[in-house]
2 protein chains.
Amino acid sequence: METTWEQQLRTAGLRVTRPRLSVLGVLAEHPHVDADTIATAARTVHPSISPQAVYGVLKALVGSGLARRIEPAGGPALYELRVGDNHHHLVCRGCGLIADVDCVVGQAPCLQPSDAAGFAVDEAEVVFWGLCADCQVARRTHVHGTNSAFEEGVIA
Amino acid sequence: METTWEQQLRTAGLRVTRPRLSVLGVLAEHPHVDADTIATAARTVHPSISPQAVYGVLKALVGSGLARRIEPAGGPALYELRVGDNHHHLVCRGCGLIADVDCVVGQAPCLQPSDAAGFAVDEAEVVFWGLCADCQVARRTHVHGTNSAFEEGVIA
DNA sequence: CTCTTGATTTGACTGAATCAAGAAAGCGAG
DNA sequence: CTCGCTTTCTTGATTCAGTCAAATCAAGAG
């Protein structure tokens, strides 16, 4: 697995560098992370890595299709290594937890708009909003505000 | 129509103020606008309105259900008056143009994830990415880069 | 008309991300 | 193995969207 990243980088026409391997390592362990968390985690392996290097690496990875960038409303961009399978995401309104959902249909775009209004659609992005199991419990226990942040448009 | 806003504000328990009426006026004319554009446009009617007032008004409108906030990846948040019908959006990768798409199914969430992973889902947000009619032409005419900005992950 | 409460202004501030210039490292050719 | 070109990383400044807080101002109930 370790060497695979090296190969993948080369295949993508990218040089194999320490910052890139560190970032890939972090992404492999954490399915959905923001740039800042990646920088912090990567520093345990490569202490001198700069935040901007992380942005640069991520841009290169996304640009070459090795990683995917998702931008849930109300938070920083997140990155994941799972690419090419056009899956979707569940986002928790309470704690920001993200889970993957397999796409029912196979290829992108998995959905077609009822009226495309002249658009050539190449991707249908689906985000399911709700409460994760833990936050549902926390809500019911009525300790309103236990789980920090993200409090806002909860519909129920 | 003019007076309806006043009524709607009152019904929502909000005071009727000049900044709020100005912002509502702008939103009624432009279906999908960002806060900055709203501020600029509102100033033609109410010159002294401050940018922060616009943020305040928008937060109040969204909070009371009179407006909806959407946040397409890679751009500032946009606001629209069309609420309560759970419709979706088409976004142009070329120029950022946004079009509404009626939801095929009626109520939210219109879609259910195949495996909710314990989440209580209350909304399915769908964004269709592609090229609008104009940008398709511009692309074909090969004047690459005519339509500013937004250039990046075009799949085709 | 007056008073209370809610809204707006003003101005400072945060967080995420980009840009630019110089230094450093990858890696192919010799 | 070494050279040297090119890509990538570092450092530091800068933008952009949006928030926060204190003070002023106005809506509208009484």
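Let us look at the structure shown here. (Residues numbered from 1 in each chain as written. Chains lettered and ligands numbered in written order. Predicted model: local features only at pLDDT ≥ 70, side-chain atom pairs only at ≥ 80, totals over all residues. Heavy atoms only, no water.)

Looking at the state of the cysteines
Residues and elements named next belong to chain B.
Inference 1: All told, the structure shown has 0 disulfides over all chains when counted by the stated rule.
Inference 2: The thiol of C132 is unpaired, and the distance to the nearest cysteine sulfur, on C92, comes to 3.6 Å.
Inference 3: Relative accessible area serves as the criterion here: at 3%, C132 is assigned to the buried category.
Inference 4: The thiol of C135 is not disulfide-bonded; the next cysteine sulfur, from C92, is found 3.7 Å away. (Disulfide = S-S within 2.5 Å. Buried < 20%, exposed > 50% of the residue type's maximum accessible area, 1.4 Å probe, protein only.)

Thoughts on the relation of the copies chain B and chain A
There are two copies of the chain, and a rotation about an axis plus a shift along that axis relates them.
Inference 1: Superposing chain B onto chain A requires a rotation of 180° together with a translation of 0.0 Å along the rotation axis, leaving an RMSD of 0.1 Å. With respect to symmetry, the two chain copies, as superposed, fit the operation of a two-fold axis. Closest to the rotation axis within chain B is the C-alpha of B:V126, separated from it by 2.3 Å.
Inference 2: A shared interface surface links the copies, since 100% of the contact residues of chain B are contact residues in chain A too. (Least-squares fit on C-alpha atoms with pLDDT ≥ 70 in both. Contact = heavy atoms within 4.5 Å.)

Comments concerning the protein's contact with DNA strand D
Inference 1: Around DNA strand D sit 18 residues, and of these A:R15, A:T17, A:R20, A:A53 and B:R10 come closest.
Inference 2: Within 4 Å of the protein, the contacting atoms of DNA strand D are drawn from sugar and phosphate to the extent of 63%.
Inference 3: Between a base nitrogen of DNA strand D and a side-chain N or O atom of B:R15, the distance comes to 3.3 Å.
Inference 4: Take B:Y55: an N or O atom from its side chain is 3.3 Å from a phosphate oxygen of DNA strand D.
Inference 5: For the surface near DNA strand D, the elements supplying multiple residues, two or more each, are α2 (18-29) and α4 (51-63) of chain A together with α4 (51-63) of chain B. (Near = heavy atom within 4 Å. Polar contact = N/O pair within 3.5 Å; in protein donor to acceptor, adjacent residues only side chain to side chain. Helix = DSSP H or I, 4+ residues; strand = E, 2+ residues; numbered from the N terminus.)

Examining the pairing of strand β6 (residues 120-131) of chain B
Inference 1: The buried count for β6(B) comes to 10 of 12 residues, which makes it a mostly enclosed element.
Inference 2: Summarising the sheet, strand β6 (residues 120-131) of chain A and β6(B) pair through 11 bridges and their orientation is antiparallel. Across the sheet, the residue bridging to A:E125 is B:V127, located in β6(B).
Inference 3: Here strand β4 (residues 88-92) of chain B runs beside β6(B); their pairing, made up of 4 bridges, is parallel. Residue pairing for β6(B): B:V91 is matched across the bridge by B:W129. (Pairing = 2+ DSSP bridges.)

A few points about the protein's contact with DNA strand C
Inference 1: Taken together, the neighbourhood of DNA strand C is formed by 18 residues, with A:R15, A:V16, B:R15, B:T17 and B:A53 sitting nearest.
Inference 2: Take the atoms of DNA strand C that sit within 4 Å of the protein: sugar and phosphate atoms are 66% of them.
Inference 3: In this structure, A:A77 approaches DNA strand C through a main-chain N or O atom, which is 3.0 Å from a phosphate oxygen.
Inference 4: Within the side chain of B:R15, one N or O atom sits 2.9 Å away from a base oxygen of DNA strand C.

A short note on the interface of chain B and chain A
Inference 1: Contacts between the two partners involve 37 residues from chain B, matched on the other side by 37 residues from chain A.
Inference 2: The largest share of the area that chain B buries against chain A comes from B:F119, B:E125 and B:F128, three residues that together contribute 22% of it.
Inference 3: Counting across the interface, chain B meets chain A through 4 salt bridges.
Inference 4: The shortest N-O distance in the salt bridge between B:R93 and A:D122 comes to 2.4 Å.
Inference 5: At the boundary of chain B with chain A, the tally comes to 18 residue pairs in polar contact (both at pLDDT 80 or more).
Inference 6: Of all the elements, β6(B) adds the most residues to the side of chain B that touches chain A, at 12 residues.
Inference 7: Here the side of chain B that touches chain A is built from residues that sort into 24 nonpolar, 6 polar and 7 charged. (Buried area = accessible area lost by both parts, 1.4 Å probe. Salt bridge = Lys/Arg side-chain N within 4 Å of Asp/Glu carboxyl O. Nonpolar A, V, L, I, M, F, W, Y, C, P; charged D, E, K, R; others polar.)

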